[in-house]
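Structural characterization, general
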Amino acid sequence: MKTKTYARFVKRWEEVTDLPPQTLGPLTRPYKKLTKRLKVMPWPWLVGISLIGVIGLYMILGSAITFLVTLLQRGF
Amino acid sequence: MDRVDQILVSGVAFGKNSLGLILRPYETYRRIVDRGSVVELLPIGLLLAGYFALASLVKEDTLRPFLLTRQFMVLVGTAGVSFFLVSATLWTVGTIVGGKGTFSRFVLAWGYTMLPTIAWFLMTSILYLILPPPRTTRTLGVAFSMLYLVISATILFWKILLGYLSLRFGLRLDLGKIVVVAIVAAPIFALYSFAMYKLGVFKVPFL
């Protein structure tokens, strides 16, 4: 029995199965956990990682970080 | 559907996809590659032209009609060449490692990765007017510098995410092959970016 719902389901199924799932052997599970966070509303994670990176940069460069920003601001 | 209808529909699709790239990038890229139209590159091109017009106005201190300035024409021309060079390089390397898909779909997918690029350059241009460099080493200078770097890094990660998704959906590549494509293409882009820097066109790569 072919209903509109079934036709939509088949279309969506073909859409999803068209691309083979990503596998990384033993790392597949942690990879799936990480990408789950990035597929929908990734911003909290992107901002969090950026913040950690910038704090690390500040700990390495100190106030010389302002020189890097001066260069970037002139970069457009 | 006539040309005007096609352009209007693509404009609406562009708006919907742009919002989707912020909220649900994975599904949006699947939709872009499966159902998108290359006419959607038109709003992206208009956004780029708008940004270059603003950048030319900021960089050049004259009252000439800025659309006719050398600065604007150089920026538009070089950005166009860069875009197609990057798309063609990624497409070529991607198909060599076993990628499948059509070039037009891949160009559309890569075109949407220009949104983070435009966002960063626009932010930097506006800040150049509001808070021109140099930054000082006082507390406020360091605080602003850290805030600017957090925003810049976030936009950069967003760009990397969209780049990954365009290779994943546009060329049907898996993570390993995407890494191989990135490693092969990176020196080519680095060389091109260095050439643009030496010519004084783009100090920061406009990729």
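For the structure, see preceding data.
Residues numbered from 1 in each chain as written. Chains lettered and ligands numbered in written order. Predicted model: local features only at pLDDT ≥ 70, side-chain atom pairs only at ≥ 80, totals over all residues. Heavy atoms only, no water.

**Focus: the overall build of chain A**
In terms of regular secondary structure, chain A is built from four helices and zero strands. Helices and strands appear in chain A in the N-to-C order α-α-α-α. Here the C-alpha radius of gyration of chain A, 22 Å, is well above what a compact globule of 76 residues would show, namely 11 Å. In terms of principal-axis extent, the alpha carbons of chain A reach across some 70 × 35 × 20 Å. When the 76 residues of chain A are sorted by exposure, 24% land in the buried category. Surface accessibility of chain A: about 5,700 Å² in total, with carbon and sulfur atoms responsible for 71%. (Helix = DSSP H or I, 4+ residues; strand = E, 2+ residues; numbered from the N terminus. Rg over C-alpha atoms; globule rule 2.2 N^0.38 Å. Buried < 20%, exposed > 50% of the residue type's maximum accessible area, 1.4 Å probe, protein only. Areas by Shrake-Rupley, 256 points an atom, 1.4 Å probe, with all protein chains shown as cover.)

**As for a positive patch on the surface**
Residues and elements named next belong to chain A. A cluster of basic side chains, namely R29, K33, K36 and R37, defines a positive patch on the protein surface. Relative to the elements of secondary structure, R37 occurs in helix α2 (residues 28–39). Overall, the relative accessible area of 40% leaves R37 in the partly exposed class. (Patch = residues over 30% accessible without salt bridge, like charges linked within 9 Å, V, L, I, M, F, W, Y side chains within 5 Å. Salt bridge = Lys/Arg side-chain N within 4 Å of Asp/Glu carboxyl O. Lys, Arg positive; Asp, Glu negative; His and termini not counted. Charge placed at Lys NZ, Arg CZ, Asp CG, Glu CD.)

**Brief notes about the interface of chain A and chain B**
Every contact between the two is made by 36 residues of chain A and, on the other side, 46 residues of chain B. Of the roughly 3,800 Å² buried where chain A meets chain B, counting both sides, 68% is carbon and sulfur surface. Among the residues chain A hides against chain B, the three largest losses belong to L19, Q73 and F76 of chain A. Together they make up 23% of the total. Viewed at the interface, chain B and chain A are joined by 10 residue pairs in polar contact (both at pLDDT 80 or more). When residues of the side of chain A that touches chain B are traced back to their parent elements, those giving at least two are α1 (4–17), α2, α3 (43–61) and α4 (65–73) of chain A. (Contact = heavy atoms within 4.5 Å. Buried area = accessible area lost by both parts, 1.4 Å probe. Polar contact = N/O pair within 3.5 Å; in protein donor to acceptor, adjacent residues only side chain to side chain.)

**Some remarks on the environment of W13 of chain A**
Residues and elements named next belong to chain A. Here W13 is to be found in helix α1. The class of W13 is exposed, set by a relative accessible area of 53%. Counting along the chain gives 20 residues from W13 to K33, while the straight-line C-alpha distance between them is 22 Å.

**Considerations on the layout of surface pockets**
Computed from the structure, the largest pocket encloses a volume of approximately 960 Å³. In terms of lining residues, the largest pocket is bounded by 36 residues, among which L156, F157, K159, I160 and L207 of chain B are the most central. For the lining of the largest pocket, the secondary-structure elements that each account for two or more residues are α3 and α4 of chain A together with α4 (70–96), α6 (114–130), α7 (139–170) and α8 (175–198) of chain B. With 11 residues, the single largest contributor to the lining of the largest pocket is α7 of chain B. In this structure, the second largest pocket encloses a volume near 610 Å³. Taken together, 24 residues line the second largest pocket, and the ones lying closest to its centre are Y31, T35 and L38 of chain A together with L161 and Y164 of chain B. If you list the elements that add at least two residues to the lining of the second largest pocket, you get α1, α2 and α3 of chain A together with α2 (25–35) and α7 of chain B. (1 Å grid on protein atoms, 1.4 Å probe; cavity = no way out; pocket = protein on both sides within 12 Å on 5 of 7 lines; lining within 4 Å. Points joined across faces, edges and corners; volume = space filled by probe spheres on them.)

**Quick word on the environment of S50 of chain A**
Here S50 of chain A lies in helix α3. As for S50 of chain A and K4 of chain A, which are separated by 46 residues in sequence, their C-alpha atoms are 45 Å apart. Here S50 of chain A is in contact with V150, A153, T154 and F157 of chain B, once residues within four sequence places are set aside.

**Structural notes on α3 of chain A**
All names here are of chain A. With 19 residues, α3 should reach 27 Å at 1.5 Å per residue; the first-to-last C-alpha distance of 26 Å fits that figure. Of all the residues in α3, the buried ones are W43, L46, S50 and V54. Down the axis of α3, the sector holding all buried residues measures 65°, keeping them to one side. Facing away from the buried side of α3 by over 90 degrees, the exposed positions are P44, I52, M59 and I60. (Expected span 1.5 Å × (residues − 1). Arc of directions from axis to C-beta.)

**Things to note about the pattern of salt bridges**
Per the counting criterion, the structure on display carries one salt bridge over all chains. The shortest N-O distance in the salt bridge between R24 of chain B and E27 of chain B comes to 3.6 Å.

**Let's talk about α8 of chain B**
Residues and elements named next belong to chain B. Over its 24 residues, α8 runs 34 Å from end to end, which matches the ideal 34 Å to within 8%, given 1.5 Å per residue. If you look at α8, its biggest bend is around 35°, right at A185, and the proline P187 turns up within four residues after that. Of all the positions in α8, only I178, V181, A185, F189, Y192, S193 and M196 are classed as buried. Among the structural elements, α4 and α7 are those in contact with the buried residues of α8. Downstream of α8 by a residue or two, G200 has a phi angle that is positive, lying close to 75°. (Bend = angle between axes of the 7 residues up to and from the residue.)

**Let's talk about a nonpolar patch on the surface**
Side chains of V40 and M41 of chain A together with L19, I22 and L23 of chain B sit close together on the surface and give an oily, nonpolar patch of about 400 Å² of accessible area. With respect to the helices and strands, M41 of chain A occurs in the loop between α2 and α3. For M41 of chain A, a relative accessible area of 39% puts it in the partly exposed group.

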